[in-house]
Amino acid sequence: MAKTIIDAHNVSKTYHTNMIPVKAVQDVHLHIEEGEFVALVGPSGSGKSTLLNMMGGLDEPTSGTVIIDGVEITDLSENKLIDFRLHNIGFVFQSFNLIPVLTAKENVGFVLQLQKMPKKEREQRVLTLLQEVGLEDKINSKPGELSGGQQQRVAVARALASKPKIILADEPTANLDSASAANLLDIMAKLNKEEKITFLFSTHDQRVIKKARRVITLVDGKVASDVQQSPT
Ligand code: ADP
Ligand code: MG
């Protein structure tokens with residue numbers, strides 16, 4: 001039987017800006033098993049980013065619990081949470097979020113340096129990761145010298161650096177042309193299949209949605225539908 005990797009109960013998030021409460025996420029239950037490849041869809045403002053951030057411990061729910069691989073992250077102290085994230089969850093953002101002054105190799109190696117991996121081992125792992133996303137010839141390029149698609153592949157390599165069981169990606173293809181988006185999706189699908197990494201990614205893009213095996217739709221912060229499909 002597959003193992004539950006993301007288990008969220010009654011998760012809600014209310015923002016208070018200008019005294020007006022905004023219910024970004026309302027009472028969401030989410031149950032995702034190891035190895036799933038899940039798209040989170042829904043109109044702009046439906047709560048996708050807020051939900052992803054809470055699943056990854058980047059944002060704290062107003063109420064509810066989030067259990068990742070058996071660990072209740074909503075119960076962890078800030079320091080323990082940072083450590084948990086570092087070793088268990090990879091993030092990919094719409095805007096790539098690479099450090100502009102660092103090369104591809106350095107951007108990917110940064111997390112491993114934080115984990116105090118010895119230099120030799122780190123360099124070998126970084127090279128393997130960049131090969132995996134097809135960027136072995138760009139290891140010394142800085143983000144500004146790379147296309148959007150290449151930058152996002154560096155971001156995926158960085159997300160993989162600490163061997164996470166889960167990758168959370170917030171509209172990873174939003175700033176990419178169709179060819180780069182398709183290429184990125186192929187890499188994600190390959191990692192999912194070959195390394196059993198669980199993917200939960202938000203998207204607007206129909207072409208991306210078609211590649212998912214499960215599609216969860218949010219409307220006004222609530223799960224409106226949750227369907228399994230055959231990817232095409
Ligand atoms: P999506 O990613 O689906 O576009 P979001 O999670 O970004 O949706 O936003 C959900 C709702 O929460 C929106 O109404 C948005 O304006 C609000 N929201 C998101 N982040 C914040 C924040 N930091 N402060 C206040 N309101 C926010
Ligand atoms: Mg968003």
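Everything numeric in this text was worked out from a predicted model, so none of it was measured.

Engineer: Just to check I follow, could you spell out the packing of helix H4 (residues 119–132) against helix H5 (residues 148–160) for this structure?
Structural biologist: For any two helices packed against each other, the geometry comes down to the angle between their axes and how far apart the axes lie. Their axes nearest at 9 Å, the elements H4 and H5 cross at an angle of 135°. Here H4 lies oblique to H5, going by the angle between them. Crossing of H4 over H5 shows right-handed handedness. Where H4 approaches H5, its residues Arg125, Leu129 and Leu130 are matched on the opposing element by Val154, Ala157 and Leu160. Here the residues of the contact of H4 with H5 are counted per class, giving five nonpolar, no polar and one charged.

Engineer: It is not clear to me how the site of ligand 1 should be interpreted in this structure. Could you clarify?
Structural biologist: All residues adjacent to ligand 1 are Tyr15, Thr17, Val22, Ala24, Pro43, Ser44, Gly45, Ser46, Gly47, Lys48, Ser49 and Thr50. In this structure, an oxygen atom belonging to ligand 1 sits 3.2 Å away from a main-chain N or O atom of Ser46. Residue Ser49 places a side-chain N or O atom 2.8 Å away from an oxygen atom belonging to ligand 1. For ligand 1, whose free accessible area comes to 560 Å², the fraction covered by protein is 63%. When contributions to the shell around ligand 1 are tallied by element, the ones reaching two or more residues are strand E1 (4–17), strand E2 (20–33) and helix H1 (48–55). It is H1 that contributes the most residues to the shell around ligand 1, three residues altogether.

Engineer: Which parts of the structure should I look at to understand the side chain of Ser162?
Structural biologist: Structurally, the position occupied by Ser162 is in the loop between H5 and strand E7 (166–170). The class of Ser162 is buried, set by a relative accessible area of 12%. Here the side chain of Ser162 touches Leu86 through a polar contact of 3.0 Å, landing on its backbone oxygen.

Engineer: Whenever I open this one, the environment of His204 confuses me. Can you help?
Structural biologist: Counting through the fold element by element, His204 comes out in the loop between strand E8 (198–202) and helix H7 (206–209). Since its relative accessible area comes to 45%, His204 is described here as partly exposed. Measuring from C-alpha to C-alpha, the distance between His204 and Thr173 comes to 9.0 Å, with 31 residues separating the pair along the chain. In this structure His204 touches Gly42, Pro43, Ser44, Lys48, Glu171 and Ile209, once residues within four positions along its chain are discounted.

Engineer: Just to check I follow, could you spell out the sheet that holds strand E4 (residues 63–68) for this structure?
Structural biologist: Pairing is antiparallel across the open sheet formed by four strands, whose spatial order is E2-E1-E4-E5. Of all strands in the sheet, those with a lone pairing partner are E2 and strand E5 (71–72), marking the two edges. Bridge analysis of E1 against E4 gives five bridges, and the strand direction is antiparallel. Its bridge partner being in E4, Ile6 is matched across the sheet by Ile68.

What counts, and where the lines are drawn
Residues numbered from 1 in each chain as written. Chains lettered and ligands numbered in written order. Predicted model: local features only at pLDDT ≥ 70, side-chain atom pairs only at ≥ 80, totals over all residues. Heavy atoms only, no water. Axes fitted to C-alpha atoms, helices over the stretch in contact; angles between N-to-C directions. Helix = DSSP H or I, 4+ residues; strand = E, 2+ residues; numbered from the N terminus. Parallel < 35°, antiparallel > 145°, perpendicular 65-115°, else oblique. Left-handed = near helix turned anticlockwise from the far one by under 90°. Contact = heavy atoms within 4.5 Å. Nonpolar A, V, L, I, M, F, W, Y, C, P; charged D, E, K, R; others polar. Near = heavy atom within 4 Å. Polar contact = N/O pair within 3.5 Å; in protein donor to acceptor, adjacent residues only side chain to side chain. Areas by Shrake-Rupley, 256 points an atom, 1.4 Å probe, with all protein chains shown as cover. Buried < 20%, exposed > 50% of the residue type's maximum accessible area, 1.4 Å probe, protein only. Pairing = 2+ DSSP bridges.

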